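Listed below, chain by chain, are the residues.
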Amino acid sequence: MKVALFPGSFDPFHNGHLEIVERASRLFDKIVVAAMRNPQKAGPLFSLEERQKLIEMSVAHIPNVEIVSLSTLVVTLANELGASVIIRGLRAVSDFENELQMAQMNRELSGIDTVFIPTSAEFSFLASRLLREVAAYGGDVTSMVPGPIAVAFASKVG
Ligand code: ADP
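Thresholds applied
- Residues numbered from 1 in each chain as written.
- Predicted model: local features only at pLDDT ≥ 70, side-chain atom pairs only at ≥ 80, totals over all residues.
- Heavy atoms only, no water.
- Phe/Tyr/Trp six-rings, centres within 6.5 Å; stacked < 30°, edge-to-face > 60°.
- Helix = DSSP H or I, 4+ residues; strand = E, 2+ residues; numbered from the N terminus.
- Buried < 20%, exposed > 50% of the residue type's maximum accessible area, 1.4 Å probe, protein only.
- Contact = heavy atoms within 4.5 Å.
- 1 Å grid on protein atoms, 1.4 Å probe; cavity = no way out; pocket = protein on both sides within 12 Å on 5 of 7 lines; lining within 4 Å.
- Points joined across faces, edges and corners; volume = space filled by probe spheres on them.
- Nonpolar A, V, L, I, M, F, W, Y, C, P; charged D, E, K, R; others polar.
- Arc of directions from axis to C-beta.

Re the packing of aromatic side chains
Thought 1: The tally for this structure, following the rule as stated, stands at four aromatic pairs.
Thought 2: When the centroid spacing of 6.0 Å and the interplanar angle of 65 degrees are considered together, the rings of Phe 46 and Phe 153 count as edge-to-face. Taken together, the positions of Phe 46 in the loop between strand E2 (30-36) and helix H2 (48-58) and Phe 153 in helix H6 (residues 147-157) put the pair 107 residues apart, joining distant regions of the chain. As far as burial versus exposure is concerned, Phe 46 and Phe 153 are alike and both buried.

Right, here's the structure in full:
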């Protein structure tokens, strides 16, 4: 069974993330989405537990997906789960530089390969950071996030 791990901050999970999970779920037997702490990103809006719950609600229609939330090394988690692949989404060339370095480090540490899935053009502008900023100033992001996230967003920043 081919298990793939899709790690990220997902603060919050948005339609671009969802599309990557949907497409990956057709390529692998099982996808584990892991909401993780990113040490480069301080002060998350949603706690890890909140993010896990919200992602669970957002992907309930996809049968071969499991959600976890952890603060550990991605490769440690991948090994624990028996995942042979790490999935990352790519929005633009600017994402690639950092992602390539991470993929090479993860392969050096564990031998696990990263598979990049390019975003659909309609989602390429979506970024959690931007959504948080827009929502904080009263902008409507309802069409850019799954339903449960829109509700949680409204109560968090509203
Ligand atoms: P991280 O802190 O790990 O970068 P993010 O939550 O920002 O976490 O992103 C998680 C993954 O989703 C990353 O691989 C990122 O490139 C990808 N991603 C983010 N936004 C999009 C998008 N609009 N379309 C496709 N993939 C995306």
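Here we look at the side chain of Asp 11
Thought 1: Within the fold, Asp 11 resides in the loop between strand E1 (3-8) and helix H1 (15-25).
Thought 2: For Asp 11, a relative accessible area of 5% translates into the label buried.
Thought 3: Excluding its chain neighbours within four sequence positions, the residues that come into contact with Asp 11 are Pro 44, Leu 45, Phe 46, Arg 51, Ser 128 and Arg 132.

Observations regarding the layout of surface pockets
Thought 1: The computed volume of the largest pocket comes to approximately 1300 Å³.
Thought 2: Residue assignment for the lining of the largest pocket shows that the elements contributing at least two residues are E1, H1, strand E4 (85-90), helix H4 (93-110), strand E5 (113-118) and helix H5 (128-136).
Thought 3: Per-element tally for the lining of the largest pocket: the top contributor is H4, with 10 residues.
Thought 4: Looking at the lining of the largest pocket residue by residue, the class counts come to 20 nonpolar, 17 polar and 10 charged.

Brief notes about helix H3 (residues 74-81)
Because the α-helix completes a turn every 3.6 residues, residues three or four places apart line up on one side.
Thought 1: Here H3 has its buried residues at Val 74, Val 75, Leu 77 and Ala 78. In a view along the axis of H3, the buried residues occupy a sector of 160 degrees, so they form one face of it. Exposed residues pointing more than 90 degrees away from the buried face of H3 are listed as Asn 79 and Glu 80.
Thought 2: For H3, the elements touching its buried residues are E1, E2, strand E3 (65-70), E4 and H4.
Thought 3: Of the residues one or two after H3, Gly 82 is the one with positive phi, at around 75 degrees.

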